[in-house]
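The lines below spell out each chain.
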Amino acid sequence: PTLDGGRMHIAKNTVLLAVLSVFLLGWRGCDKPNANSNKETRASIAQDDLLKKRDIAIEQKNPEQVAAALEQLILQHPDAEASKEWRTQLGQTYMNLGSLELAYRVFKGYTKLFPGDENTEEAYYQAVSAKYKQTVRLRNECDTLEAEKTIALCNKYLTHPSYQTHREDITDIKKTCENRLVNKEIYVFDTYLVQGKLASAKARLENFKETFVAKDPSLEP
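Everything quoted here is computed from the prediction, not taken from an experiment.

Along its length, the chain carries 9 helices and 0 strands. Helices (α) and strands (β) of the chain occur, in sequence order from the N terminus, as α-α-α-α-α-α-α-α-α. Counting across all 221 residues of the chain, residues that qualify as buried make up 30%. In the chain, of all internal contacts separated by at least 6 residues, the share reaching a separation of at least 24 is 48%. Carbon and sulfur atoms form 56% of the exposed surface of the chain, whose accessible area is close to 14,900 Å².

And the structure:
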């Protein structure tokens, strides 16, 4: 009887240890999910706070603060479903602020990140618009770098088979920028002529023929 009682005591202890082990293992197994859950909760709260800041800034008509909130939203929550919408809003906010280069980078970045998205064509058009508006700001007739960049963007848009919505506007922008390049060459030619630098004027005119007249015969006169 003593031996049987000892065996029963050992068996009972074994069961208790097994139950305790399962409990501890189960409790440990919950550590990671709870940690992830807490992390997600904190991220959600932080996102909500930034959205509130954005909305308050919109109500107060403070575009600088709107941009600041959107920048943080995109930086901290790049994989959020609303990330595309935030990028579009940020680009437009930069446009409204007159920060054209920043607007261009945001919209151009959108086209690279989401090449097959339904809003990519619109983002590309806004990128072209932002770059083109920079050419309008320039008053120096000889500074045509932004115009050249804009023409390259226009050509890429026009050669994209599925981009149809803004083709007329893009064609007009391209033509305007090309006219700027033509006017630059005429300006430089006239300057050489006035200064009596006839050899330089002649060289410029020959370059004009090769570069522009070959593409547009209407410039021959």
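Attention now moves to the layout of surface pockets. Taken as a whole, the largest pocket encloses approximately 280 Å³ of empty space. Forming the boundary of the largest pocket are 13 residues, of which Glu 178, Val 182, Thr 211, Phe 212 and Lys 215 lie nearest the centre. Every element with two or more residues in the lining of the largest pocket is listed here: α7 (145–158), α8 (167–194) and α9 (198–213). A total of 6 residues in the lining of the largest pocket trace back to one element, the largest contributor, which is α8. Its residues assigned to classes, the lining of the largest pocket shows 5 nonpolar, 3 polar and 5 charged. Considered as a void within the structure, the second largest pocket measures approximately 170 Å³ in volume.

All right, on to helix α5 (residues 100–113) then. Taking 1.5 Å as the rise per residue, α5 with 14 residues should run 20 Å; its terminal C-alpha atoms sit 20 Å apart, in good agreement. By the burial criterion, the buried members of α5 are Leu 100, Ala 103, Tyr 104, Val 106, Phe 107, Lys 108, Tyr 110 and Thr 111.

Counting 40 residues, the largest nonpolar core has Leu 90, Val 128 and Ile 170 as the members making the most contacts within it. For this core, the secondary-structure elements that each account for two or more residues are α2 (31–59), α3 (63–76), α4 (83–97), α5, α6 (120–137), α7, α8 and α9.

Attention now moves to the confidence of the model for the chain. As a general rule, the predicted coordinates of low-pLDDT regions are not to be interpreted in detail. Per-chain confidence: the chain averages 85 in pLDDT, with 81% of residues scoring 70 or above. Segment residues 14–31 is flagged for pLDDT under 50; beyond a separation of four residues in sequence, or across chains, it makes 0 contacts in the model.

On to unusual backbone geometry. A positive phi is found at Lys 61, a non-glycine position, where the angle reads about 55 degrees. Within the fold, Lys 61 resides in the loop between α2 and α3.

Moving on to α8. With 28 residues, α8 extends 40 Å between its outermost C-alpha atoms, agreeing within 8% with the 40 Å of an ideal straight helix rising 1.5 Å per residue. Every buried residue of α8 is listed here: Ile 170, Ile 173, Cys 177, Arg 180, Leu 181, Val 182, Lys 184, Glu 185 and Val 188. Where the residues of α8 are buried, they touch α6, α7 and α9. Taken from the residues just after α8, Gly 196 is the one with a positive phi, measuring 80 degrees.

Moving on: the packing of α6 against α7. Viewed as axis vectors pointing N to C, α6 and α7 meet at an angle of 160 degrees, and their least axial separation amounts to 8 Å. In this view, α6 runs roughly antiparallel relative to α7, as classed from their interaxial angle. Between α6 and α7 lies a crossing whose hand is left-handed. When α6 is examined against α7, the residues Glu 121, Tyr 124, Val 128, Lys 131, Tyr 132, Gln 134 and Thr 135 are found in contact with a partner set consisting of Glu 146, Ala 147, Lys 149, Thr 150, Leu 153, Cys 154, Lys 156 and Tyr 157. Classifying every residue of the contact of α6 with α7 gives 7 nonpolar, 3 polar and 5 charged.

So, about the packing of aromatic side chains. Within the structure shown, the criterion is met by 5 aromatic pairs. Their ring planes at 35 degrees and their centres at 6.2 Å tell us that Tyr 124 and Tyr 157 sit as a pair that is tilted. Placement of Tyr 124 in helix α6 and of Tyr 157 in helix α7 is noted, with a sequence separation of 33 residues between them. Among the residues examined, Tyr 157 registers a relative accessible area of 0% and is labelled buried. An angle of 40 degrees between the planes, with centres 5.2 Å apart, marks the rings of Tyr 157 and Tyr 163 as tilted. Here the two residues Tyr 157 and Tyr 163 agree in accessibility, since each one is buried. Following the ring pairs from residue to residue traces out a cluster consisting of Tyr 124, Tyr 157 and Tyr 163. The ring of Tyr 104 has Lys 131 sitting right over it, with the charged end atom 4.2 Å from the ring centre.

Definitions and cut-offs
Sequence positions are assigned chain by chain, starting from 1 and proceeding in written order. At least 70 in pLDDT is required for a residue's local features to be given in this predicted model, at least 80 for side-chain atom pairs to be given and counted, and no such filter applies to totals for whole chains, interfaces and linings, which use all residues. Side-chain measures were taken over the full set of non-hydrogen atoms in the model, leaving aside hydrogen atoms and water. Helix and strand labels come from DSSP, where a helix needs a run of H or I of at least four residues and a strand needs a run of E of at least two; each type is numbered from the N terminus. For each residue, the accessible area found with a 1.4 Å probe, counting protein chains only, is set against the maximum for its type, and the residue is called buried under 20%, exposed over 50%, and partly exposed in between. Contacts were defined at the residue level, with two residues in contact if any of their heavy atoms lie within 4.5 Å. All accessibility values rest on the Shrake-Rupley procedure with a 1.4 Å probe; residue burial counts only the protein chains present in the view. Residues are said to line a cavity or pocket when one of their atoms sits within 4 Å of a point; the points come from a 1 Å grid over protein atoms alone, cavities being sets where a 1.4 Å probe fits but cannot get out and pockets being open sets with protein on both sides within 12 Å along at least five of seven lines. Grid points are joined across faces, edges and corners, and a volume is the space filled by probe spheres set on the points. We call Asp, Glu, Lys and Arg charged. Ala, Val, Leu, Ile, Met, Phe, Trp, Tyr, Cys and Pro are nonpolar, and the rest, Gly among them, are polar. Here the expected span of a helix is defined as 1.5 Å times the quantity of residues minus one. Definition used in this section: a nonpolar core is a set of buried Ala, Val, Leu, Ile, Met, Phe, Trp, Tyr and Cys residues joined via side-chain atoms within 4.5 Å. Known as pLDDT, the predictor's confidence for each residue is given on a scale from 0 to 100. What counts as an axis is a line fitted to C-alpha atoms, over the stretch in contact for a helix, and the angles between N-to-C directions run from 0 to 180 degrees. Geometric relationships in this document are graded by angle, where less than 35 degrees denotes roughly parallel, more than 145 denotes roughly antiparallel, 65 to 115 denotes roughly perpendicular, and other angles denote oblique. Left-handed describes a crossing whose near helix is turned anticlockwise from the far helix through less than a right angle; right-handed describes the clockwise counterpart. Only Phe, Tyr and Trp rings are paired, with Trp represented by its six-membered ring, and only when their centres lie within 6.5 Å; those with planes under 30 degrees apart are stacked, over 60 edge-to-face, the remainder tilted. Look at NZ for Lys and CZ for Arg. If either is within 6 Å of the ring centre and within 35 degrees of the ring normal, a charge sits over the ring.

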